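Coordinate inspection notes
Given next are the chains, with one letter for each unit.
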Amino acid sequence: MKRSIFLKISLVLLCLLMLVCSVSCDNGGEAGGGKPNSPDGATKLSFKSASSYDYLKTLDGKKVTINGYLATSSPVDGSFIFLMNLPLQSCPFCVPNTTELSNTIEVYPKSGEKFDYTNQAVQVVGTLEVAPDKNKPFTDPYGYQFNFKIVDATYTILKAEDMSENMAQWQKISSTDVVNDVYKMYDFVHFVCSWNTYSVKSWTDVDGKVHPGYYLYAADAINYLTKDGAQWNYGYKEGYFDAIIAEIKKIDATAYDDLVKNIEAAKALSEKAIKELMDGNYTYEHKYVEEFGTYDDIYTINKGEELMAEWQRIYTDFSDWLGSWEL
């Protein structure tokens, strides 16, 4: 009887000791590292779910957690980080021809603290802050715009066992240049669908004469595409899209079929948009351009809205594919 009581007491003490150790471990971790923080009470975000403004608004002011990597261009003073789900990215991703962040989250530490850089995968825990109006985003000191950020945050280094089961497949492609190549591809497709919205800035020549800026003419767009070495000539070259697909299939013949289909759709769209340009399916109007303080011919692509709606749909599919890979 006494032995039974003694065993019960011992078991209770052992459980209490394990609980104390567990709490002690869970409370570890600083802004720039340490043992993993417990995300108890935190809503798990993914880069894909973070693309929905309406969903994020439901979490405004609440504790969230998300896994990712620090972009190498995160400010050296540790004032905040660019969090991405790709390792060793030099720059945050933006929607083409804009300063709007894409698949990139800005994370800010607690007051008085700073982040140290690491190239290892991290788990971020902090408070979600969402812009009150989708059309009035936050802007950081670099001019990047974004609809939400994570503040009062800490991060901890992730262990291999803490990562998702599909990490091995993700690392096979994220360790290559393929994703960056696809972003560059989308820069090209955006240009051919909306070349009339691209502009040349005002500039001053060696004699001090100021030349006003202007929005591209159709002839400018054709020159940018067809002239060897021109800014957008890389995407105009024969076999450009097929070469990207070949690189993807070289990594794995079937694992990234959704990405391959997305690139095929982007290729078809670019061909359609280029044909509209070459066939002269555009109009122009001579009018005053307040931005440059001069009168100029302003072009409109006849099917511009249709092309851009298709671009947005295909680009969103790619962004969702990229964001669906969780660490």
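Just above sits the structure.
Every residue gets a number counted from 1 within its own chain, in the order that chain's sequence is written. This being a predicted model, a pLDDT of at least 70 is required before a residue's local features are given, and a value of 80 or more before pairs of side-chain atoms are given or counted; all residues contribute to the totals for chains, interfaces and linings. Heavy atoms throughout the structure, all of them, feed into the side-chain values; hydrogens and water do not.

1. Brief notes about the overall build of the chain
The way it works is that DSSP assigns letters per residue, a run of H or I at least four long becomes a helix, a run of E at least two long becomes a strand, and they are numbered from the N terminus. Counting its regular elements, the chain contains nine helices and 14 strands. Note on classification: 1.4 Å probe, protein chains only; a residue is buried when its accessible area is under 20% of the maximum for its type, exposed when over 50%, partly exposed between these limits. Per-residue burial over the chain gives 43% buried out of 327 residues. Of the contacts made within the chain by residues no fewer than 6 positions apart, 65% connect residues no fewer than 24 positions apart. All accessible-area figures derive from a Shrake-Rupley calculation using a 1.4 Å probe, and residue coverage is judged against the displayed protein chains alone. When the accessible surface of the chain is summed, it comes to about 17,800 Å², and 53% of that surface belongs to carbon and sulfur atoms. Between two residues, a contact is recorded if the distance between any of their heavy atoms is within 4.5 Å.

2. Quick notes on helix α5 (residues 218-226)
Each full turn of the α-helix corresponds to 3.6 residues, which orients residues three or four apart in the same direction. Ala218, Ala221 and Leu225 are the residues of α5 that are buried. The arc that holds the buried residues of α5, viewed along the axis, is 60 degrees, so those residues lie on one side. The secondary structure elements touched by the buried residues of α5 are α4 (178-194), α6 (233-236), α8 (257-278), β13 (282-289) and β14 (294-301). For this quantity, the arc is that covered by the directions from the helix axis to the C-beta atoms.

3. Concerning the nonpolar core
Here, nonpolar core means buried Ala, Val, Leu, Ile, Met, Phe, Trp, Tyr and Cys residues that are tied together by side-chain atoms lying within 4.5 Å of each other. Membership of the largest hydrophobic core comes to 67 residues, with the highest contact counts inside it found for Trp170, Met185, Leu259 and Phe318. When residues of this core are traced back to their parent elements, those giving at least two are β3 (81-84), α3 (167-174), α4, α5, α7 (240-251), α8, β14 and α9 (304-323). The greatest single-element share of this core, amounting to eleven residues, is contributed by α4. In contact with Trp170, not counting residues within four places along its chain, are Asn85, Leu86, Val179, Trp321, Leu322, Trp325 and Leu327. Counting 22 residues, the second-largest nonpolar core is a separate cluster that includes Phe47, Ile105, Phe115 and Val122.

4. Describing unusual backbone geometry
You will see that Asn103, though not glycine, has its phi angle at about 50 degrees, which is positive. By the element assignment, Asn103 lies in the loop between β3 and β4 (105-109). For Asp152, which is not a glycine, the phi torsion comes out positive at approximately 50 degrees. Topologically, Asp152 is positioned in strand β8 (residues 148-157). For Asp152, a relative accessible area of 42% translates into the label partly exposed.

5. A few points about the packing of aromatic side chains
Centre distance within 6.5 Å is the pairing criterion for rings of Phe, Tyr and Trp, where only the six-membered ring of Trp is used; planes under 30 degrees apart are then read as stacked, over 60 as edge-to-face, and the remainder as tilted. For the coordinates displayed, the defined rule picks out 38 aromatic pairs. Following the ring pairs from residue to residue traces out a cluster consisting of Phe93, Trp170, Tyr183, Tyr186, Tyr256, Trp311, Tyr315, Phe318, Trp321 and Trp325. Above the plane of the ring of Tyr108 lies Lys149, whose end atom (NZ or CZ) is 5.3 Å from the centre. A ring has a charge above it when a Lys NZ or an Arg CZ is no more than 6 Å from the ring centre and no more than 35 degrees off the ring normal. We note Lys184 situated over the ring of Tyr234; from NZ or CZ to the ring centre the distance is 4.5 Å.

6. Some thoughts on the packing of α4 against α9
Note on geometry: axes are lines fitted to C-alpha atoms, helical ones only across the stretch in contact, with angles between N-to-C directions running from 0 to 180 degrees. Relative to each other, α4 and α9 sit at 170 degrees, their axes nearing to 9 Å. Between α4 and α9, the angle falls in the class roughly antiparallel. Seen from α4, the contacting residues are Val179, Val182, Tyr183, Tyr186, Val189, His190, Cys193 and Ser194; seen from α9, they are Gly304, Leu307, Met308, Trp311, Ile314, Tyr315, Phe318 and Leu322. Amino acids outside the nonpolar list (Ala, Val, Leu, Ile, Met, Phe, Trp, Tyr, Cys, Pro) and the charged list (Asp, Glu, Lys, Arg) are all regarded as polar, and Gly is one of them. Each residue belonging to the contact of α4 with α9 can be placed in one class, and the counts come to 13 nonpolar, three polar and no charged. Roughly parallel means an angle under 35 degrees; roughly antiparallel means over 145; roughly perpendicular covers 65 to 115; every other angle is labelled oblique.

7. What to know about the pattern of salt bridges
Salt bridges are defined as contacts in which a side-chain nitrogen from Lys or Arg sits within 4 Å of a carboxyl oxygen from Asp or Glu. The final tally for this structure, using the stated rule, is seven salt bridges. Here Asp279 and Lys275 are joined by a salt bridge, their closest N and O atoms 2.6 Å apart. Judged by its relative accessible area of 51%, Lys275 falls in the exposed class. Between Arg313 and Asp317 there is a salt bridge, with its nearest N and O atoms 3.8 Å apart. Residue Arg313 and its partner Asp317 are located together in helix α9, separated by four residues, close to a single helical turn.

8. Focus on the environment of Cys193
Turning to its location among the elements, Cys193 is positioned in helix α4. Apart from the residues within four sequence positions on either side, Cys193 is in contact with Leu269, Ala273, Ile301, Gly304, Leu307, Met308 and Trp311.

9. Quick notes on the pairing of β8
For a regular strand, side-chain orientation follows a simple rule: the groups alternate between the two sheet faces. Counting buried positions along β8 gives eight out of ten residues, so the element sits mostly inside the fold. Strand pairing follows a simple DSSP-based rule, namely that at least 2 bridges must link the two strands. Note: strand β5 (residues 122-130) against β8, eight bridges, orientation antiparallel. Among the inter-strand pairings, Val124 is bridged to a residue of β8, identified as Tyr155.

10. What to know about the side chain of Gln89
When you line up the elements, Gln89 lands in the loop between β3 and β4. From its side chain, Gln89 meets the backbone oxygen of Pro87 in a polar contact 3.1 Å long. Only 3.2 Å separates the side chain of Gln89 from the side chain of Asn180, close enough to count as a polar contact. Apart from residues no more than four positions distant in its own chain, Gln89 is found in contact with Ala71, Thr72, Ser73, Met84 and Asn180. Here a polar contact is recorded for every N or O atom pair within 3.5 Å, except that within protein the pair must consist of a potential hydrogen donor and a potential acceptor, and residues adjacent in sequence are included only if both atoms are side-chain atoms.

11. Some remarks on the pairing of strand β2 (residues 63-70)
Of all eight residues in β2, seven are buried; the element is thus mostly enclosed. Pairing analysis gives two bridges linking strand β1 (residues 43-44) to β2, with the strands arranged parallel. Bridging across to β2, Lys44 finds its partner in Thr65. Note: β2 against β5, six bridges, orientation antiparallel. Each residue of the ladder has a partner; that of Asn67, found in β5, is Gln123. Bridging between β2 and β3 involves two bridges; their strand directions are antiparallel. Within the sheet, the bridge partner assigned to Leu70 lies in β3 and is Leu83.

Distances and angles like these do not, on their own, reveal function.
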